[in-house]
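# Structure assessment
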Amino acid sequence: MTAARSTGTLVQRLRATGLAAVSWIACHLPEGPLISLADAAADLSYRRSPQKAAQARRNLRRIVEFLAANGSAEPRIVAAAGDPRRLELLVRAAFRHHARYYLEVMRAPALDDRVFGRIEVENPDLVEAVLSADQSSLFVTAHLGPIELPAVFLAKRTGRRVTAPMETLGDPALQRWFERTRGVFGVHIVGLREARRELLAALRRGEIVGIVADRDITGGGIEVPLFGSPAPLPAGPALLLTEIDVPFRAAGIWRTGRGRYRGRLVEIPVVREGSRRERMIGTLTNEARAFEELISRAPEQWTAVFFPIWPDLETEAGAAATATTRAHPRSIPTTETDHAAAAASVSEVVR
């Protein structure tokens, strides 16, 4: 490997240095004004990103309609299922929470034990029993709320290393910044290429493994029902569990206010009977149920809504866009028109 590839180009190194500088500043400024700044940036992005908003709107509509139909939704979710203006409030909130996630990444080096006192755990007895057990465990989480916090919580509260996979970035300097930042909290990062070998070895050593497993980024996922419709989930967790018998749980933490959080741990049954594929499908189906339980607490904080989740929704959206283009080749795209109208509606609700 050449020096340029191992250390990155000059531009990449400068970018990583700039990121570290911004992170240092963010860590030394009061959190309140930074959150206000992040919210303002998110509102600007909401107004200027109609396609991104349309993607979030499609996904959030499916979630809230499923939750409302199954009687497992909070009043605000039921309202969003039946009122486009209330749904748009969730879309706008999703932009804000996405921006807050990036702020939290910048402020990650400043995390200390005080943050754990601001997390209200919904099932503390289970959490304490799990944390006190000196055994290997496999945890999954979704892109929900402060995504880094569950792994940091596990590492800090148990005093044990948490091994987690991460996609290798094309920028070596940026990759090292992420690995160094997360390593401070006892989170050991491994690349996707060697993930299966490294994660299995960690479990066999009695360690904790954590995987963000709600998006099929690399392809090859297995479709299981998620909020009522088939969606591909990464096969990795289920594949590991066909080779080793360890407890399997989903962890989730979401924001409840500025600097306040709630969290929950969900036991996931592992299917041990049937063919290998049948076992994997069964386990992933149970994993999807656990994700639904966690995401339903705050669907607007699930940042995966900004990306394709359900193939059927993307097919419908593509067909609608094609039909609109053929019928009105010179008109503004439907997504932008819908977004402008929705933005006006949500402004009325806010006022």
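Conventions adopted
- Residues numbered from 1 in each chain as written.
- Predicted model: local features only at pLDDT ≥ 70, side-chain atom pairs only at ≥ 80, totals over all residues.
- Heavy atoms only, no water.
- pLDDT = per-residue confidence, 0-100.
- Contact = heavy atoms within 4.5 Å.
- Pairing = 2+ DSSP bridges.
- Helix = DSSP H or I, 4+ residues; strand = E, 2+ residues; numbered from the N terminus.
- Axes fitted to C-alpha atoms, helices over the stretch in contact; angles between N-to-C directions.
- Salt bridge = Lys/Arg side-chain N within 4 Å of Asp/Glu carboxyl O.
- Buried < 20%, exposed > 50% of the residue type's maximum accessible area, 1.4 Å probe, protein only.
- Left-handed = near helix turned anticlockwise from the far one by under 90°.
- Nonpolar A, V, L, I, M, F, W, Y, C, P; charged D, E, K, R; others polar.
- Polar contact = N/O pair within 3.5 Å; in protein donor to acceptor, adjacent residues only side chain to side chain.

## Some thoughts on the confidence of the model for the protein
Chain-level statistics for the protein give a pLDDT mean of 85 and a share of 85% at 70 or above. The low-confidence segment residues 340–351 (pLDDT under 50) makes 14 contacts with residues lying over four places distant or belonging to another chain.

## Quick look at the sheet that holds strand β1 (residues 119–121)
As summarised here, the arrangement of the seven strands in space is β1-β9-β8-β2-β5-β3-β4, forming an open sheet in which the pairing is mixed. Looking at which strands have only one partner, the edges of the open sheet turn out to be β1 and β4 (187–191). If you compare each strand with its neighbour and ignore which way they point, the axes differ by 30° on average.

## Some thoughts on the pattern of salt bridges
Per the stated rule, a full pass over the model turns up 25 salt bridges. Close ionic contact of Arg197 with Glu198 constitutes a salt bridge, the shortest N to O distance being 3.8 Å. A relative accessible area of 55% places Arg197 in the exposed class. Residues joined by salt bridges that share partners form a network here, namely Glu120, Glu122, Arg262, Arg264, Glu293 and Arg297.

## Here's the deal with the packing of helix α4 (residues 50–69) against helix α6 (residues 84–106)
At a minimum axis distance of 9 Å, the contact between α4 and α6 shows a crossing angle of 120°. The way α4 lies across α6 gives a crossing that is right-handed. Two secondary-structure elements touch here, α4 through Lys52, Ala53, Ala56, Arg57, Leu60, Arg61 and Val64 and α6 through Leu87, Glu88, Leu90, Val91, Ala94, Phe95 and His98. Of the residues belonging to the contact of α4 with α6, the class tally is nine nonpolar, one polar and four charged.

## Let's talk about the environment of Leu138
Note on placement: Leu138 falls in strand β2 (residues 137–141). Considering only alpha carbons, one finds Leu138 and Phe248, 110 residues apart in sequence, at a separation of 5.0 Å. Those residues in contact with Leu138, other than ones at most four positions away along the chain, are Leu203, Val209, Ile211, Pro237, Leu240, Leu241, Val246, Pro247, Phe248 and Arg249.

## Section: the side chain of Arg255
As for its position among the elements, Arg255 is in strand β8 (residues 248–257). With a relative accessible area of 8%, Arg255 lands in the buried category. For Arg255, the side chain forms a polar contact with the side chain of Glu104, separated by 2.7 Å. There is a polar contact of 3.3 Å between the side chain of Arg255 and the backbone oxygen of Gly145.

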